[in-house]
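# Structure assessment
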Amino acid sequence: MLVKIAVPREIAQGETRVALTPQAVAALIADGAEVLVEAGAGEESFISDAAYREAGATVVTDAAALYGDAEMVVRVGRPTDDEIGMLRSGLVLIGTLGTLANPKLAEQLAKAGVTAISMDSIPRITRAQSMDTLSSQATVGGYKAVLLAAERLPKFMPLLTTAAGTVRPARGIVMGAGVAGLMAIGTAKRLGAVVEATDVRPVVKEQVESLGGTFIEVEMTDEEKANAETAGGYAREMSDDYKQRQAALIAERVKEADFVITTALIPGRPAPRLVTDEMVASMKPGSVIVDMAAEMGGNVEGTEPGKEVVRHGVTIIGLTNLPATMPASATQMYAKNMQTLVHHLLKEGSINLDFSDEITRGATITHGGKVINEATAKALGIEPSDPVPAAKAE
Ligand SMILES: NC(=O)c1ccc[n+]([C@@H]2O[C@H](COP(=O)([O-])OP(=O)(O)OC[C@H]3O[C@@H](n4cnc5c(N)ncnc54)[C@H](O)[C@@H]3O)[C@@H](O)[C@H]2O)c1
C-alpha cells in the first residue's frame, strides 16, 4: 500500500511557508508515496492548489480528513494543540519542532503516540547537508537581515563618489559567523559596506576574510581555542573571563558601526548577551541592529522578540521569522530539504524507520510513546528511552 503523506496549511501567525512544493510532491510520488495537500497550503508561498494537483497531489479541504487519512504529516512549524489532538497514534510527524527550546511539546507528542521527527535535530553531517533546514533557512535570514538594515539605515551602504561629494561607506558588524552570519557578511559586502565580524570559533576567521570581511579577534588561550567548539562544530558557552575580553573589544567596535547583525547561538542555551544597553547608547543615532537571536532571548539588551523598537535613537529589529518574509525562496529550499529527508525514510513506498541510521536516530524526538532524543530528554530532566532497533512504523 502507498504511504499517505499529508501537507497541512500552516496556521501559525506570520507563517507563509509550506513544507512541500509541487516539485517535491512529484519526487515523492515517484518514490511511491501518495500526497494529500490541504487547500490553500501553498497560497502564501505563491503556489496554487492547481499546481499541486498537476504534480499529482490530492487537494483536501477538511483538515480533520487530511490528518485522519495520513501516515506521515510534513510541516514547517510546530503543531498547535488542536492539531496535536488530530494526530493518530503511530503517525510520523516531521517539522521544525524546536523541542530543545520547548521540551514540553516532546512530552505532548510522546503522549499522543506520535513518532516526531524534528528538522532542527538532524545531525549536521555531510550526508545530511541536503536535508539541513537550519542552514537553508539561516541563509534566507542572513540575507534578509542585511536588507532590513539597509532599508532602515538613513544612509547609503556603498562608497559613492559623486558631483555632490563623496559618500563614505556604511560600517557593519556581524556577530556570530555561522551560516546566517556568513550570508550576512557576503550580502553586506555586495551592497558595498565595510564589514567586520566576530565569533568564538577561531576557524571562521578564514571564512570571514574570504568574503571580504575583517575578523575581530578576541585574544584566546590555547585551551580556549581548543574548546571553543563542540565535535559537531557548534559554539560552547565561554568563560566569564573570555566574555569580558570580548565585551571590551565589541564595545570599541560598536561605537563606529552604522549597523550590527547578531546571529550568535549556543544549542540548548539562551543566546549569549553580546551588546549591552550601554553599547547601544554609544552608537550613532540612526544606526540599526538586527538581532537574529531574538527568539532565544536575544544577543542585544533591549531586543523585543517579534518587534522593532528604538532605543537611544538606535533601531533594534527582533523579528523572529525572517525566512517567512521571503516565502518563495524559503519554501523552495525547505521543501527540497524535507523531500530529501522523507526520501531517506521511505523504502519501497513504505515508512522505514531505521534507528541504526545516524540521521534517523538523531532527528527522531519521540517514538513508541517515549522521548528518545538525548538532548530533548536532558532538557526535560529525564533519561532518553531506547527505540526498538530497525522498528517499522505501523
Ligand atoms: N552539514 C554540515 O556539515 C553543516 C552545515 C551547516 C553548518 N555546519 C556547521 O555547524 C556549525 C554551526 O553553524 P550555525 O550557523 O548553525 O551556528 P549557530 O546558528 O548555532 O550559531 C551562529 C554562530 O554564532 C557563533 N557564536 C556562538 N556564541 C557566540 C559568542 N558568544 N560570540 C560570538 N559568536 C558566537 C557560533 O560559533 C556560530 O558561528 C558551524 O560549525 C557550521 O560550519 C555544518
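Residues numbered from 1 in each chain as written. Predicted model: local features only at pLDDT ≥ 70, side-chain atom pairs only at ≥ 80, totals over all residues.

Most of strand β9 (residues 171-175) is tucked away: four of the five residues are buried. Once you follow β9 into helix α7 (residues 179-190) and on to strand β10 (residues 194-198), the crossover reads as right-handed. Where β9 and strand β12 (residues 259-262) come together, four bridges link them in parallel fashion. Its bridge partner being in β12, valine 174 is matched across the sheet by isoleucine 261. (Buried ≥ 20, exposed ≤ 12 C-beta atoms within 10 Å, placed from the backbone. Helix = DSSP H or I, 4+ residues; strand = E, 2+ residues; numbered from the N terminus. Right-handed = clockwise from strand over helix to strand, strands pointing away. Pairing = 2+ DSSP bridges.)

Surrounding the ligand, one finds 30 residues, the nearest of these being Gly176, Gly178, Gly233, Ala235 and Ala264. Of the residues contributing to the shell around the ligand, the split by class is 17 nonpolar, nine polar and four charged. Built from parts of two domains, the shell around the ligand gets at least three residues from each of domain 1 (3-131 + 327-380) and domain 2 (140-320). (Near = placed C-beta within 6 Å. Nonpolar A, V, L, I, M, F, W, Y, C, P; charged D, E, K, R; others polar. Domains from an automatic or database assignment.)

Remark: helix α6 (residues 133-152) packs on α7, axes separated minimally by 7 Å, with the N-to-C direction vectors making an angle of 35°. Crossing of α6 over α7 shows right-handed handedness. Residues Ser135, Ala138, Thr139, Gly141, Gly142, Tyr143, Ala145 and Val146 of α6 form the contact with α7, whose participating residues are Val179, Ala180, Gly181, Met183, Ala184, Thr187 and Ala188. For the contact of α6 with α7, the residue count by class is nine nonpolar, six polar and no charged. (Axes fitted to C-alpha atoms, helices over the stretch in contact; angles between N-to-C directions. Left-handed = near helix turned anticlockwise from the far one by under 90°. Contact = placed C-beta atoms within 7 Å.)

It is worth spelling out helix α5 (residues 103-111) at this point. Looking at α5, one finds that the buried residues are Pro103, Leu105, Ala106, Leu109 and Ala110. One side of α5 holds all its buried residues, which, seen down the axis, span an arc of 145°. Within α5, the exposed residues directed more than 90 degrees away from the buried face are Lys104 and Lys111. Where α5 is buried, its residues contact α4 (81-86), β5 (92-95), β6 (115-118), β18 (364-367), β19 (370-371) and α14 (374-380). (Arc of directions from axis to C-beta.)

Taken in spatial order, the seven strands line up as β11-β10-β9-β12-β13-β15-β14 in an open sheet, and their pairing is mixed. The open sheet has two edge strands, β11 (214-215) and β14 (308-311), and neither has a second partner.

Okay, the domain arrangement of the chain next. Per the domain assignment, the segments making up the chain are domain 1 (3-131 + 327-380) and domain 2 (140-320). Each of domain 1 and domain 2 has a C-alpha centre, and these two points are 33 Å apart. Each side of the interface is counted separately: domain 1 has eight residues, and domain 2 has six residues. Contributions of two or more residues to the side of domain 1 that touches domain 2 are made by α12 (327-345) and α14. Take the side of domain 1 that touches domain 2: its biggest share by element is three residues, from α12. Partitioning the side of domain 1 that touches domain 2 into residue classes produces six nonpolar, one polar and one charged.

Turning next to the environment of glutamate 83. Tracing the backbone through its elements, the reader meets glutamate 83 in helix α4. For glutamate 83, a count of 16 C-beta atoms within 10 Å translates into the label partly exposed. Taking the C-alpha atoms as reference, glutamate 83 lies 43 Å from methionine 279; in sequence the two are 196 residues apart.

Here the phi dihedral of phenylalanine 46 falls at roughly 65°; this positive angle occurs in a residue that is not glycine. By the element assignment, phenylalanine 46 lies in the loop between β2 (33-38) and α2 (49-54). Note on phenylalanine 46: 11 C-beta atoms within 10 Å, which makes it exposed. Of note in the backbone geometry, histidine 312 takes a positive phi value of approximately 50° without being a glycine. Within the secondary structure, histidine 312 sits in the loop between β14 and β15 (314-317).

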